[in-house]
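Residues per chain are reported as follows:
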Amino acid sequence: MSTRFQKALTQLPPALATAIEPMLRDQFAGHLTAEQIKTLSDQSGLEGTELYLALLPIAATMSNAPISNFYVGAIAHGVSGDAYMGANMELVGEALFHSVHAEQSAISHAWLAGERKLVGITVNYSPCGHCRQFMTELNNNEGLTIRLPEQQPQPLTHYLPYAFGPKDLDIEDGLLDGNDHEMLLDNDDALVQRALREANASHAPYSHTPAAIVLETNKGQVFVGRYAENAAYNPSLPPMQMALNGMARMGISFSEIKRAILVESDKGQVSLVHSSADALGTVSKVELETYKANS
Ligand SMILES: [Zn+2]
């Protein structure tokens, strides 16, 4: 078991701690399959909301919050029955708006894993306004249940009534609907092609700038981030932050980054080159490689 979870295990009901310990191998990424959740439920006697809330200390352990020292953990529940943990991340030396919130982390985790719809989010603190807006972008925003400690589960619409969302801008597709922007890039590099595939799956209906990041570590691990835009623009999640957050969830140091690749549309209304290089520059000396794909 990874030692980083030792403290969190002491905060779990003993039967749940015993049940989950074998799943917390080194570099546990916070993805629990429906089968694993059933095992945890059977062995702990906890079900549904009770079980999800009890698991939050594990998610919060994945937090990387050197500025606030405020550790937020979230769990996104997929329609498949799988669960995806997320945690907040802050970049020292960079503007605060480069931070990633736990709900964004869990949602992007589920998206990158191929989940096509979320049915709930469990989080250890009340979602901030930024996250309520970010969740409104989800394709199932009206079917999303929010679970918090000491509160009855409530739909997202309870936490954000009269929401402004994609439909207000005549956008039909929500986050997680799945995209193929069909961009092309004449380059044989396998990681550049991976970044192109992720960019083609990104959610950029407002700026029409599909984009994605691929990070490779010294050990050959690959982390990706897809651009996730929001109807209100500012809670958009940039792909570099999503990719860095994937590393942070696994407890991998940013000093392990060996290569960083950005692929974005050559016809977009915005560019992520500078903001991606800025965010990368605070955690790594590696130069960002940038490629423009043909839209
Ligand atoms: Zn938030």
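Residues numbered from 1 in each chain as written. Predicted model: local features only at pLDDT ≥ 70, side-chain atom pairs only at ≥ 80, totals over all residues. Heavy atoms only, no water.

In the annotation of an unreviewed UniProt entry, the chain is listed under the name Cytidine deaminase and assigned to Ferrimonas aestuarii.

## A closer look at the coordination of the zinc ion
Where a metal carries four tetrahedral donors, each ideal angle is 109.5 degrees; where it carries six octahedral donors, the ideal angles are 90 or 180 degrees. Looking at the zinc ion, one finds its protein donor set to be H101 (ND1), C128 (SG) and C131 (SG), positioned 2.1 to 2.3 Å from the metal centre. When the donor residues of the zinc ion are listed from N- to C-terminus, their spacing reads H-x26-C-x2-C. Of this pair, H101 sits in the loop between β3 (83-87) and α5 (102-112) while C131 sits in helix α6 (residues 129-136), placing them 30 residues apart in sequence. (Donors = N, O, S within 2.8 Å, 3.2 Å for Na, K, Ca; no water. Helix = DSSP H or I, 4+ residues; strand = E, 2+ residues; numbered from the N terminus.)

## Focus: the packing of aromatic side chains
Counting across every chain of the model gives three aromatic pairs. Relative to F28, the ring of F5 has its centre 5.8 Å away and its plane inclined at 80°; by these criteria the two rings are edge-to-face. Placement of the pair is F5 in the segment before α1 (6-10) and F28 in the loop between α2 (14-20) and β1 (31-32), with a sequence separation of 23 residues. Its relative accessible area of 0% is what places F5 among the buried residues. Ring geometry for Y206 against Y233: centres 6.1 Å apart, planes inclined by 45°, an arrangement best described as tilted. Note that Y206 is positioned in the loop between α8 (190-200) and β7 (211-217) and Y233 in the loop between β8 (222-226) and α9 (239-249), a separation of 27 residues in sequence. Look at Y206 and you get buried, because its relative accessible area is 10%. (Phe/Tyr/Trp six-rings, centres within 6.5 Å; stacked < 30°, edge-to-face > 60°. Buried < 20%, exposed > 50% of the residue type's maximum accessible area, 1.4 Å probe, protein only.)

## Re the environment of D173
Assignment of secondary structure puts D173 in the loop between α7 (156-159) and α8. Taking relative accessible area as the criterion, D173 reaches 40% and is therefore assigned partly exposed. Excluding residues within four positions of it along the chain, D173 makes contact with N179 and H203. (Contact = heavy atoms within 4.5 Å.)

## Concerning the pairing of β7
The element β7 is extensively covered by neighbouring structure, given that seven of its seven residues are classed as buried. In the sheet, β7 pairs with strand β9 (residues 257-265) via seven bridges, with the strands oriented antiparallel. Each bridged residue has a counterpart across the sheet, and for A211 the counterpart in β9 is E264. Alignment of β7 against β8, held across five bridges, turns out to be antiparallel. Paired with E216 across the strands is V222, a residue of β8. Here β7 folds back onto β8, and the loop between the two strands holds four residues, one of which, G220, carries a positive phi near 85°. (Pairing = 2+ DSSP bridges.)

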